[in-house]
Structures are given as C-alpha cells and as structure tokens.
Amino acid sequence: MATAVKVEERLAPAETSQLAMTWRRFRKHRLGLIGLVTLTLLILSVIIIPELLSYKYNEVDILALMPTADSETVFKPMFWSPPTGAPMHILGTDAVGRDNMARLFYGGRISLVVGLLTTFVIVIIGSIIGALAGFYGGWVDTLLMRLVDLLLSLPDIPILLITSKMLNDSGIMSKIFGSLGTVATLVLVLSFIGWLTLSRLVRGSILSLRSLDFIEASRALGATDRRLILRHLMPNSMAPIIVAATLAVGGFIIAESFLSFLGLGIQDPATSWGSLLQGAQEYSSFITDINPTKEIRGYLILFPGLLILLTVLSINFIGDALRDALDPRLKM
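Residues numbered from 1 in each chain as written. Predicted model: local features only at pLDDT ≥ 70, side-chain atom pairs only at ≥ 80, totals over all residues. Heavy atoms only, no water.

1. Observations concerning the overall build of the chain
- Tallying secondary structure elements over the chain gives 13 helices and two strands in all.
- Here the chain holds 332 residues, and 43% of them are scored as buried.
- As presented, the chain carries roughly 18,400 Å² of accessible surface, and 67% of it is formed by carbon and sulfur atoms. (Helix = DSSP H or I, 4+ residues; strand = E, 2+ residues; numbered from the N terminus. Buried < 20%, exposed > 50% of the residue type's maximum accessible area, 1.4 Å probe, protein only. Areas by Shrake-Rupley, 256 points an atom, 1.4 Å probe, with all protein chains shown as cover.)

2. Considerations on the pattern of salt bridges
- In total, this model carries seven salt bridges according to the counting rule given.
- In this structure, R146 engages D149 in a salt bridge whose closest nitrogen and oxygen atoms are separated by 2.8 Å. Residue R146 and its partner D149 are both found in helix α5 (residues 138-152); the two are separated by three residues, about one turn of the helix.
- When the shortest N-O distance is used, the salt bridge between D320 and R323 registers 3.5 Å. With D320 and R323 both in helix α13 (residues 299-326) and three residues apart, this pair spans about one turn of that helix.
- Classification of D320 by relative accessible area gives partly exposed; the value is 26%. (Salt bridge = Lys/Arg side-chain N within 4 Å of Asp/Glu carboxyl O.)

3. Some points on the layout of surface pockets
- Its volume calculated, the second largest pocket comes out at about 270 Å³.
- Around the second largest pocket, the lining comprises 15 residues; the ones closest to its centre are D156, L160, I193, G194 and F252.
- Listed by contribution, the elements that provide at least two residues to the lining of the second largest pocket are α5, α6 (156-170), α8 (181-209) and α11 (238-261).
- Tallied by class, residues from the lining of the second largest pocket come to eleven nonpolar, three polar and one charged. (1 Å grid on protein atoms, 1.4 Å probe; cavity = no way out; pocket = protein on both sides within 12 Å on 5 of 7 lines; lining within 4 Å. Points joined across faces, edges and corners; volume = space filled by probe spheres on them. Nonpolar A, V, L, I, M, F, W, Y, C, P; charged D, E, K, R; others polar.)

4. A closer look at a nonpolar patch on the surface
- Taken together, the side chains of V113, L117, F120, I124, I125, I128, L132 and Y136 make up a nonpolar region of the molecular surface, amounting to roughly 690 Å² of accessible area.
- With respect to the secondary-structure elements, I124 resides in helix α4 (residues 100-136).
- A residue is classified by how much of its surface remains accessible, and I124, at 40% relative accessible area, is partly exposed. (Patch = residues over 30% accessible without salt bridge, like charges linked within 9 Å, V, L, I, M, F, W, Y side chains within 5 Å.)

5. Details of the environment of L33
- One can find L33 in helix α3 (residues 30-52).
- Put simply, L33 and S314 are 281 residues apart on the chain and 9.0 Å apart in space, counted from C-alpha to C-alpha.
- The residues touching L33, leaving out its near neighbours within four places in the chain, are W23, F26 and R27. (Contact = heavy atoms within 4.5 Å.)

6. Remarks on the side chain of D99
- Its place among the elements puts D99 in the loop between β2 (73-75) and α4.
- Buried and without a salt bridge, D99 has R103 as its closest oppositely charged side chain, separated by 8.8 Å.
- There is a polar contact of 3.2 Å between the side chain of D99 and the backbone nitrogen of M101.
- For D99, the side chain forms a polar contact with the main-chain nitrogen of A102, separated by 2.9 Å.
- Once residues lying within four places of it in the same chain are set aside, the contact partners of D99 are L53, Y55, E59, H89, I90 and G92. (Lys, Arg positive; Asp, Glu negative; His and termini not counted. Polar contact = N/O pair within 3.5 Å; in protein donor to acceptor, adjacent residues only side chain to side chain.)

7. Some details on the nonpolar core
- L190, W195, L233 and M234 are the most contacted members of the largest nonpolar core, which has 45 residues in total.
- Elements with a contribution of two residues or more to this core: α4, α5, α6, α8, α10 (225-233) and α11.
- Sorting elements by how many residues they give to this core places α8 first, with 13 residues.
- The residues contacting M234, other than those within four sequence positions of it, are S127, A131, V202, I206, I229 and I241.
- Ranked by size, the runner-up nonpolar core spans 25 residues in total, among them L104, V243, I253 and L307. (Core = buried A, V, L, I, M, F, W, Y, C linked by side-chain atoms within 4.5 Å.)

8. Brief notes about the packing of aromatic side chains
- Counted under the stated rule, the structure contains three aromatic pairs.
- Taking 5.8 Å as the distance between ring centres and 15 degrees as the angle between the ring planes, the aromatic pair formed by W23 and F26 counts as stacked. Here W23 and its partner F26 are both found in helix α2 (residues 18-27), three residues apart, which amounts to about one turn of the helix.
- Using a relative accessible area of 42% as the deciding quantity, one classes W23 as partly exposed.
- What makes F26 buried here is its relative accessible area of 5%.
- Each ring, one from F135 and one from Y136, has its centre 5.0 Å from the other, and the planes form 90 degrees; the classification is edge-to-face.
- Its relative accessible area of 42% is what places Y136 among the partly exposed residues. (Phe/Tyr/Trp six-rings, centres within 6.5 Å; stacked < 30°, edge-to-face > 60°.)

9. Considering α6
- An ideal rise of 1.5 Å per residue puts 21 Å on 15 residues; α6 measures up with 21 Å between its terminal C-alpha atoms.
- By the burial criterion, the buried members of α6 are I159, L160, S164 and L167. Each buried residue of α6 sits inside an arc of 115 degrees when the element is viewed along its axis, so together they form one side. In α6, the exposed positions angled more than 90 degrees off the buried face are occupied by M166 and D169.
- Each element contacted by the buried residues of α6 is listed here: α7 (172-177), α8 and α11.
- Trailing α6 by a residue or two, G171 shows a phi angle of about 75 degrees, which is positive. (Expected span 1.5 Å × (residues − 1). Arc of directions from axis to C-beta.)

Rendered as structure tokens:
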C-alpha cells in the first residue's frame, strides 16, 4: 500500500505556482510581449548608448563652430563631422555644441527615472491610505475618502503648473537634493495628485476582502490589524495595484515631458525627452534671432517624440497584458 501511494505521488503533476501561471497567460498576449521586449530594449539603450558615445550629454564640442553670414560665430546645429577626424555627431549638435544623440538617450534616463520613481511613491502612499480606509471604515474611511474627493475635484494641470513654479522658484528642493533637485521636484509634484485614484482602487479591494472567511479565521486566531493588512489583505490586492502602477508609469512620463516642454521641469544642462522637445522649438520655424542658420530640422522633434510614444505604448501594452494575466476569471 505504501509503495502504491509513493508511485501515485511521483506520477502526480507538480502544482503550478501563481507566478508561473501568470507568466504563461502573459506570454499568450502578443502585444504585451511586444511591449515588454520594446521597453527592455529602450531601457538598455538609455543605459548603454550614452556610455558608448564619444561625447557626453553636457560636453561642448568647440570644433562645431561655424561663421554665419553676418560674421558671427555660432555652433553648427546640423549633421556634421569635424575636419580633425573626431567622431561624427550622428544627430548633430544643439545650439551650444552638445551632441544631440547623447542628450537624447541620456534624457531617456531622466524621463524613465521620474516615471518609475513617481509610480513607486504613489503606490506606497495610495496603498497605505486605501488600506486604512477600507479596513477600518467608519470615520477613518469618511475622513480619508473626503480628502481624496476634495483633491480629485481640483484641476490637475493648474495644480501641476503652480506647484512646479513655486518649488522651482523657491530653490528649496535644490538645497535639499543638490543636482537632483529638479527630479525631486517633478516626483513630488506628480506624486501629489497621482496617488488619489490608486487609493480608491486599494480601498475597494480591501472592502471586498475583509469580510471573507480566511480574514475572519485569522482574526479569530488572534491576528493583529497590522498582520491582517500586511500579510493577508495587501498581498491579495496586489493584482489591481500592479496593473494600475504599470499604466501610471506612462502617464507620468508624459506629464514630465509636458512640464519640461513648458520650461517647468528638467532644466539645462540636464536633459529629458520633454526638455529636448522644448529646445527643438528653436528649429521648428524660421526664427532669425534664435535660429541664425534658418534651418528647419524636424528630426529634433521626431526622435524624442517617437521615444516617448514607444515607451508609453509599450507600458500600456504590458499593463493590458498583466490585467488579463492576473484576472482569475479569464482563461487564457
């Protein structure tokens, strides 16, 4: 009898883990896989390519000087290779002689860091607020959710513009974080309104879970509120949190680009995709004072815009695939 039991145990298939099941479902989502591969290549590009180029993002190439018709000397903002045999500026130089390609991919580091770091902050804040409101209910729920409703009623764009302007003018973030002050300002401003929707999502998930049998059993065994929230409720709420966080990254990258485009985000000599778009305005029309060469160079707008588009689309595809993979009601 014992031998028969051992044979049955050996022949029984191993139980599939939740992670393996999620990955198997995710792989069946073609757009999700395309998004994952694309995002991985983009991250590797912004990490590796700036280190391989001969010119750093803030390095001025004095050989890029050229005389204009009125005998003034300006940097040549076009495809050009110095006559000394130095490496070519594949995308040319900007108005002060810095390599556009190095600034393009280094700017991707800043944009991705702002998006990912802001998402991490809002997940922490939104999860704490939502979990407290959903678990305790009563006056705690009323107080926290009315605060969320109040902040949600405020217009997003004016809040972003006003707070960014105030923090940039005060210089307090630069005093605290030094050269990373602008990045810290963007993360703080975007986090201020970014956690609101996530907190409501977490609250709804906690409300649906707190009355289930396994929660009541844990409570009867003497589990504290802290243990119930951290060990039972939050792990079972991770699926909607992961999906919401994934989709939020793309939104924050666009928001950073928007603020930097208006001159309220990343400041020179640092760079991001949004600040590159802002700087490319100089060569989007014939502006004699700013563009002495009178050249229209649409590729300066095309490349950062295309990278923003690819990044946001990839993240959205990944979010959609995760939503389907983590939904137990779907059979994929």
